[in-house]
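If you want the building blocks of each chain, they are given just below.
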Amino acid sequence: MLCISTMLTTLTVLLLISFPRSLGCYTRMFCFGDSLTDTGNFKHILGNDTSYIATHLPYGETYFHRPTGRFSDGRVFADYFAEALGLPFPKPYLDGRTAMDFQFGANFAVGGATAINHSFFKEKGISVDPRFGFLAQQIQWFKQLLNVTYPDSDYRDIVERSFFLVGEIGANDYLVPSAVNIPFRDIYTFVPRVISAISSSIKELIKIGAKTLVIPGLVPFGCAPVYLTMFQSRNKQDYDKKTGCIKWLNEFSNYHDKLLKKELHKLRQLYPHATILYADYYGATINIFKSPKSYGFDTPLVACCGGDGPYNFSRSVNCGDAGSRVCANPSKYVSFDGFHLTDAANKVIVDEVVKKLHKKFTGCKRQFN
């Protein structure tokens, strides 16, 4: 997909190596994941094709005032983590042209990416778009970047002083099969494979030298307009009375997170020198649905941009398509397009996560702002 060695010249390599590292605790941030973290790799892969979501307005309308490839009206999780760390927004890896583009790190996340290698889905007869890759491929991109950018230097110190955001990843491993009517009782069996893929990637990063890694869990599936539409039910018992979310889908998200936290505990035992932290996206998000107005949201379960139906979501009419409807004020909505979150929701979630993480960063001259 990309040969970065053709992009970086000797001059820019020297410029990056000699660039002053004066950002305090974390000099760079490296991100991995899917559309909730992607800041432009998906758009780069598609080139001039603007028929896909995130490649045209109203995506990007709120903050950037143009489509940047982010799956939101504005910033995504990675952007808000960067702000909390006092770093610039993470550069999409595939958009990099010179080593200077990566002076503060890189974002390897791709919208549509899975955690599991695509061969797993192929064996099960499930079609996955190969263009958007999987987590292990993103780790290989990171290795390529290091090897080419620092060919004659020890990059371990640079890696040790970097912040790693590994995820959220795994949502597409479950969404893709559910979209082709594979029942969730079967999809449950995928979860250990997803967790194993995440764990393997964390191990690879630590072997390279990573010392600070934040690994988010899933957001609550049962509160997303896409799932609320796909699994709409007449049985009131399926829905949580307080939030309106589908209970059994949220239980699935919790199951993934339970296995993830258990695996992270094992990794901490294996790598006591590394700081491996769980980011509770689920908890931060579900709090919004429990008390939306206290966070400034009026319509938590309805997509700002989409088709029709009770959740303004249609699988046949995507956000930005002819016939789609866009809300006047995305900041009052949690979901932007039925799959992804608004700029406002992303901010609330990261703010809540950062508050919990802040106390766990010890020995740093500068922690989260």
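Residues numbered from 1 in each chain as written. Predicted model: local features only at pLDDT ≥ 70, side-chain atom pairs only at ≥ 80, totals over all residues. Heavy atoms only, no water.

Student: I'd like a description of the overall build of the protein chain, backed by residues and values.
Tutor: Scanning the protein chain from N- to C-terminus turns up 13 helices and seven strands. For 369 residues, the compact-globule estimate of 2.2 N^0.38 gives 21 Å, and the protein chain sits close to it at 20 Å. Based on the C-alpha atoms only, the size of the protein chain along its principal axes is roughly 65 × 45 × 45 Å. Classification of the 369 residues of the protein chain by burial places 57% in the buried group. (Helix = DSSP H or I, 4+ residues; strand = E, 2+ residues; numbered from the N terminus. Rg over C-alpha atoms; globule rule 2.2 N^0.38 Å. Buried < 20%, exposed > 50% of the residue type's maximum accessible area, 1.4 Å probe, protein only.)

Student: How would you summarise the state of the cysteines if you had to cite specific residues and measurements?
Tutor: Counting across every chain of the model gives three disulfides. At a sulfur-sulfur separation of 2.0 Å, the disulfide partner of Cys 223 is Cys 245. Here the S-S torsion is close to 110°, and the disulfide linking Cys 223 with Cys 245 is therefore right-handed. Of this pair, Cys 223 sits in the loop between β4 (212–216) and α10 (225–230) while Cys 245 sits in the loop between α10 and α11 (247–270), and the two are 22 residues apart along the sequence. With a sulfur-sulfur separation of 2.0 Å, Cys 305 is cross-linked through a disulfide to Cys 319. Disulfide Cys 305-Cys 319: the torsion about the S-S bond is 100°, which places it as right-handed. Here Cys 319 lies in the loop between β6 (305–306) and β7 (325–326) and Cys 305 lies in strand β6, a separation of 14 residues in the sequence. Accessibility assignment for this pair places Cys 305 and Cys 319 in one class, buried. With no disulfide of its own, Cys 31 lies closest to Cys 25 among cysteine sulfurs, the gap being 16 Å. Taking relative accessible area as the criterion, Cys 31 reaches 0% and is therefore assigned buried. (Disulfide = S-S within 2.5 Å.)

Student: Which residues make up the packing of helix α9 (residues 191–208) against α11, and what values do they have?
Tutor: Interhelical geometry of α9 versus α11 gives an angle of 35° and a closest axis separation of 10 Å. Here the hand of the crossing between α9 and α11 comes out right-handed. Along its contact with α9, which presents Val 191, Pro 192, Val 194, Ile 195, Ile 198, Ser 199, Ile 202 and Lys 203, the element α11 presents Phe 252, Tyr 255, His 256, Leu 259, Leu 260, Glu 263, Leu 264, Leu 267 and Leu 270. Looking at the contact of α9 with α11 residue by residue, the classes come out as 13 nonpolar, two polar and two charged. (Axes fitted to C-alpha atoms, helices over the stretch in contact; angles between N-to-C directions. Left-handed = near helix turned anticlockwise from the far one by under 90°. Contact = heavy atoms within 4.5 Å. Nonpolar A, V, L, I, M, F, W, Y, C, P; charged D, E, K, R; others polar.)

Student: Please provide a residue-by-residue account of the nonpolar core, values included.
Tutor: Counting 118 residues, the largest nonpolar core has Phe 32, Phe 81, Phe 142, Phe 164 and Leu 213 as the members making the most contacts within it. In terms of residue count, the dominant contributor to this core is α9 (nine residues). Sequence-distant contacts of Phe 142, that is, excluding residues within four places in its chain, are made with Phe 30, Phe 32, Phe 108, Val 159, Phe 164, Leu 205 and Ile 208. (Core = buried A, V, L, I, M, F, W, Y, C linked by side-chain atoms within 4.5 Å.)

Student: For the packing of aromatic side chains, give the residues involved together with the corresponding values.
Tutor: A full pass over the atoms with the stated rule returns 36 aromatic pairs. Taking 6.1 Å as the distance between ring centres and 70° as the angle between the ring planes, the aromatic pair formed by Phe 184 and Tyr 227 counts as edge-to-face. Placement of Phe 184 in helix α8 (residues 184–187) and of Tyr 227 in helix α10 is noted, with a sequence separation of 43 residues between them. Like Tyr 227, Phe 184 is buried. Taken together through their ring pairs, the aromatic side chains of Tyr 174, Phe 184, Tyr 188, Phe 221, Tyr 227, Phe 231, Trp 248, Phe 252 and Tyr 255 make up a single cluster. (Phe/Tyr/Trp six-rings, centres within 6.5 Å; stacked < 30°, edge-to-face > 60°.)

Student: Can you explain the pattern of salt bridges? Please cite residues and give values.
Tutor: Throughout the structure, instances matching the rule amount to 10 salt bridges. Linking Asp 129 and Arg 131 is a salt bridge whose minimum nitrogen-to-oxygen distance equals 2.8 Å. Among the residues examined, Asp 129 registers a relative accessible area of 27% and is labelled partly exposed. Among the charged side chains, a salt-bridge network with shared partners connects Arg 75, Glu 83 and Asp 343. (Salt bridge = Lys/Arg side-chain N within 4 Å of Asp/Glu carboxyl O.)

Student: Which residues make up the packing of helix α12 (residues 281–290) against helix α13 (residues 343–358), and what values do they have?
Tutor: Between α12 and α13, the shortest axis-to-axis distance is 9 Å and the interhelical angle comes to 125°. Here α13 runs oblique to α12, going by the angle between their axes. Between α12 and α13 the crossing geometry is right-handed. Within the contact between the two elements, α12 uses Tyr 281, Ala 284, Thr 285 and Ile 288 and α13 uses Ala 345, Val 348, Ile 349, Glu 352 and Val 353. Of the residues assigned to the contact of α12 with α13, the class counts are seven nonpolar, one polar and one charged. (Parallel < 35°, antiparallel > 145°, perpendicular 65-115°, else oblique.)

Student: Tell me about α13, residues and numbers included.
Tutor: With 16 residues, α13 should cover 22 Å at 1.5 Å per step; its first-to-last C-alpha distance of 22 Å lies within 8% of that length. The complete set of buried residues in α13 reads Asp 343, Ala 344, Ala 345, Asn 346, Val 348, Ile 349, Val 350, Val 353, Val 354 and Leu 357. Residues of α13 that are buried make contact with α3 (77–85), β4, β5 (275–279) and α12. (Expected span 1.5 Å × (residues − 1).)

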